[in-house]
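This is what each chain is made of:
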Amino acid sequence: MQLTQEKPDLSAYLAADEVIDHHHPLVRETAAGLANASADTYAYARAAFEFVRDAIPHSQDSGRMEVTWRASDVLRERTGICTAKSHALAALLRAEDIPTGFCYQRLRDDNTSGYSLHGLVAVRLDGAWHRQDPRGNIPDGVDAQFRIGEERLAWPVNPEYNEVDYPVLYAEPSPVALRVLQEARDRQHLWQIYPSEL
């Protein structure tokens, strides 16, 4: 899909803030360990993706109730939902000067008979943006992979169900999604207040 940068300056997609705190010692330490084992930028980006996808379980899959939102907290607690895991991946990539933005989808939610906002990232490699979905794979058909070119996301949208790929590539996490992560008392409460769209 064609992504449109929210901000024209690539430096916005390298910035650190309270959420994407890639200056935090734990983020730096994790990034350094992954970088030491990687031959080049592409290998590092793939290693960071696979680390967040596989070593940090989605809290729904693991049954964890705490809600994380800051990148360093996701890494420390080793849990998060899709949007939080995207924050952690963005911090690891930006820590190694790889521009990374935030993308969103509106997906049908079989648990609520409604829709749910899904968060992922796009990484800039080889002069183009490539969406990556670190949500975490599960045996019943979720098999996201790090790909440059043809995407392999957790869930491709189905227009028949009014699902949506939002085309804007954001430099900062969605305020709508971030607010509910910060306000939720636990994951059960989070699902009650979680947004269905941007």
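Above this note sits the structure.
First, a word on scope: everything that follows refers to the structure included in this document. (Residues numbered from 1 in each chain as written. Predicted model: local features only at pLDDT ≥ 70, side-chain atom pairs only at ≥ 80, totals over all residues. Heavy atoms only, no water.)

**Quick notes on the environment of Ser116**
Right, on to step 1. Note on placement: Ser116 falls in strand E3 (residues 114-125).
Right, on to step 2. Spatially, the C-alpha atoms of Ser116 and Leu198 are 9.7 Å apart, while their sequence positions differ by 82 residues. (Helix = DSSP H or I, 4+ residues; strand = E, 2+ residues; numbered from the N terminus.)

**Observations concerning the pairing of strand E2 (residues 100-109)**
Right, on to step 1. Of all the 10 residues making up E2, 9 are buried; the element is thus mostly covered by neighbouring parts of the structure.
Right, on to step 2. In the sheet, E2 pairs with strand E5 (residues 164-165) via 2 bridges, with the strands oriented antiparallel. When the sheet's bridge partners are listed, Gln105 is paired in E5 with Asp165. (Buried < 20%, exposed > 50% of the residue type's maximum accessible area, 1.4 Å probe, protein only. Pairing = 2+ DSSP bridges.)

**Comments concerning the pattern of salt bridges**
Right, on to step 1. All told, the structure shown has 14 salt bridges when counted by the stated rule.
Right, on to step 2. Where Asp54 meets Arg53, a salt bridge forms, and the shortest distance between an N and an O atom there is 2.6 Å.
Right, on to step 3. Measuring nitrogen to oxygen at the nearest pair gives 2.7 Å for the salt bridge that ties Glu151 to Arg131. Pair noted here: Glu151 is in the loop between strand E4 (128-132) and E5 and Arg131 is in strand E4, with a separation of 20 residues, a long-range link.
Right, on to step 4. The class of Glu151 is partly exposed, set by a relative accessible area of 29%. (Salt bridge = Lys/Arg side-chain N within 4 Å of Asp/Glu carboxyl O.)

**A word on the sheet that holds E2**
Right, on to step 1. Here 4 strands make up an open sheet; going across it, the order is E4-E3-E2-E5 and the pairing antiparallel. Looking at which strands have only one partner, the edges of the open sheet turn out to be E4 and E5.
Right, on to step 2. Pairing geometry for E3 and E4, over 5 bridges, is antiparallel. The residue of E4 that forms the bridge with Ala122 is Arg131.

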